[in-house]
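A look at the structure
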Amino acid sequence: MSKITNVKIHPSWKEALSFEFQQPYFAAIKQQLIQEKQAGTTVYPPGKLIFNAFDATPFDQVKVVIIGQDPYHGPGQAMGLSFSVPRNVAIPPSLVNMYKELNTDLNLPIPNHGDLTEWANQGVFLLNASLTVRARQANSHQNIGWQKFTDAVIRTLSEKREGIIFLLWGGFAKKKASLIDKSIHHVLTSGHPSPLSANRGYWFGNKHFSKANELLKGQGLEPINWALK
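1. Focus on the overall build of the protein
- When you go through the protein residue by residue, the secondary structure sums to 11 helices and 6 strands.
- Relative to the globule expectation of 17 Å for 229 residues, the C-alpha radius of gyration of the protein, 17 Å, shows essentially globular dimensions.
- Across the 229 residues of the protein, 53% fall into the buried class.
- Considering only intrachain contacts with a sequence separation of at least 6, the fraction spanning at least 24 residues in the protein is 68%.
- Carbon together with sulfur atoms contributes 50% to the accessible area of the protein, which is approximately 10600 Å² in total.
- Measuring between centres, the 24 positive side-chain charges of the protein sit 7 Å from its 16 negative side-chain charges.

2. Topic: the environment of Q31
- Looking at the secondary structure, you find Q31 in helix α4 (residues 24–38).
- Taking the C-alpha atoms as reference points, Q31 and M98, separated by 67 residues in sequence, lie 36 Å from one another.

3. Concerning the layout of surface pockets
- Roughly 430 Å³ of internal volume is contained in the largest pocket.
- Secondary-structure elements contributing two or more residues to the lining of the largest pocket are β2 (64–68), α6 (93–106) and α9 (170–174).
- Among the elements that make up the lining of the largest pocket, the one with the highest residue count is α9 (4 residues).
- The class makeup of the residues in the lining of the largest pocket is 14 nonpolar, 12 polar and 1 charged.

4. Things to note about the sheet that holds strand β5 (residues 165–169)
- With parallel pairing, the 4 strands of this open sheet are ordered in space as β3-β2-β5-β6. Edge positions in the sheet fall to β3 (124–128) and β6 (186–190), since each of these pairs with one other strand and no more. Geometrically, the sheet is characterised by an average inter-axis angle of 20 degrees between neighbouring strands, direction not taken into account.
- Of the strand pairs in this sheet, β2 and β5 are connected by 3 bridges, and their pairing is parallel. If you follow V64 over to β5, its bridge partner there is I165.
- Packed on one face of the sheet, helix α11 (residues 208–218) meets β2, β5 and β6 and runs near 175 degrees to β6.

5. Description of the confidence of the model for the protein
- Mean pLDDT for the protein: 95, with 97% of residues reaching 70 or above.
- Contacts of residues 1–5 to residues separated by more than four positions or lying in other chains number 10 contacts, the stretch itself having pLDDT below 50.

6. A short note on the environment of T189
- Tracing the chain through its elements places T189 in strand β6.
- A relative accessible area of 43% means that T189 is categorised as partly exposed.
- Note: C-alpha distance between T189 and K174 (15 residues apart in sequence) is 6.7 Å.
- In contact with T189, other than residues within four places in its own chain, are L168, K174 and H208.

7. Here's the deal with the pattern of salt bridges
- Counted according to the given criterion, the structure contains 5 salt bridges.
- Ionic pairing is found between R87 and E118, a salt bridge with its closest N-O pair at 3.5 Å. Placement of R87 in the loop between β2 and α6 and of E118 in helix α7 (residues 117–121) is noted, with a sequence separation of 31 residues between them.
- We note a salt bridge from E214 to K217, for which the minimum N-O separation is 3.0 Å. Placement of the pair is E214 and K217 together in helix α11, with a separation of 3 residues, close to one helical turn.
- By sharing partners, the salt bridges in this structure join R87, E118 and K229 into a single network.

Reading the values: rules and limits
- Residues numbered from 1 in each chain as written.
- Predicted model: local features only at pLDDT ≥ 70, side-chain atom pairs only at ≥ 80, totals over all residues.
- Heavy atoms only, no water.
- Helix = DSSP H or I, 4+ residues; strand = E, 2+ residues; numbered from the N terminus.
- Rg over C-alpha atoms; globule rule 2.2 N^0.38 Å.
- Buried < 20%, exposed > 50% of the residue type's maximum accessible area, 1.4 Å probe, protein only.
- Contact = heavy atoms within 4.5 Å.
- Areas by Shrake-Rupley, 256 points an atom, 1.4 Å probe, with all protein chains shown as cover.
- Lys, Arg positive; Asp, Glu negative; His and termini not counted.
- Charge placed at Lys NZ, Arg CZ, Asp CG, Glu CD.
- 1 Å grid on protein atoms, 1.4 Å probe; cavity = no way out; pocket = protein on both sides within 12 Å on 5 of 7 lines; lining within 4 Å.
- Points joined across faces, edges and corners; volume = space filled by probe spheres on them.
- Nonpolar A, V, L, I, M, F, W, Y, C, P; charged D, E, K, R; others polar.
- Pairing = 2+ DSSP bridges.
- Axes fitted to C-alpha atoms, helices over the stretch in contact; angles between N-to-C directions.
- pLDDT = per-residue confidence, 0-100.
- Salt bridge = Lys/Arg side-chain N within 4 Å of Asp/Glu carboxyl O.

Okay, here's the thing in structure tokens:
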């Protein structure tokens, strides 16, 4: 079970989520992944990257949370950060639209890659509701227990931190608002950046990137440098 228990994850998250890691449902997730591997099923992202978001953004450094549904299910795409792909992979349509909004909102140049690690390293927690997916089968792991775990992650952030900005894009992410104490955190909602939603006018113009930075500055915190090198 080293594929799950010994993955890279920041110690601050191990401590904050220690109760969840000990629960029967989490053992069931691990068992499911073992069985699929033994059956020769390809699962994304690679084991060492399943908790990449948790390793890149320590618990006490989370400033902004962006919630995705599940990892990309094509070869080489998923890297454990929602909406992000490695530099040598084509930029997915939703991320293209995120970059377009960044350009109009903050007048930032559109990056030539889709790696959002620089955001994660500044406190942008890029969380997918499901942390794994079967190859070429979107949402194929949505019912194996991950959502119970990631709901607990959101609740833990809400209960143990203050002043976090949660960016909830699309109907799925908006449902997570009930897990967040809005008296001590900030929740911004809009349509999803996917072409289907964005082209209907539900995404462009939300200015979430600049609004998040204004909320951070209002707390005396360093804003996010959304520009990617």
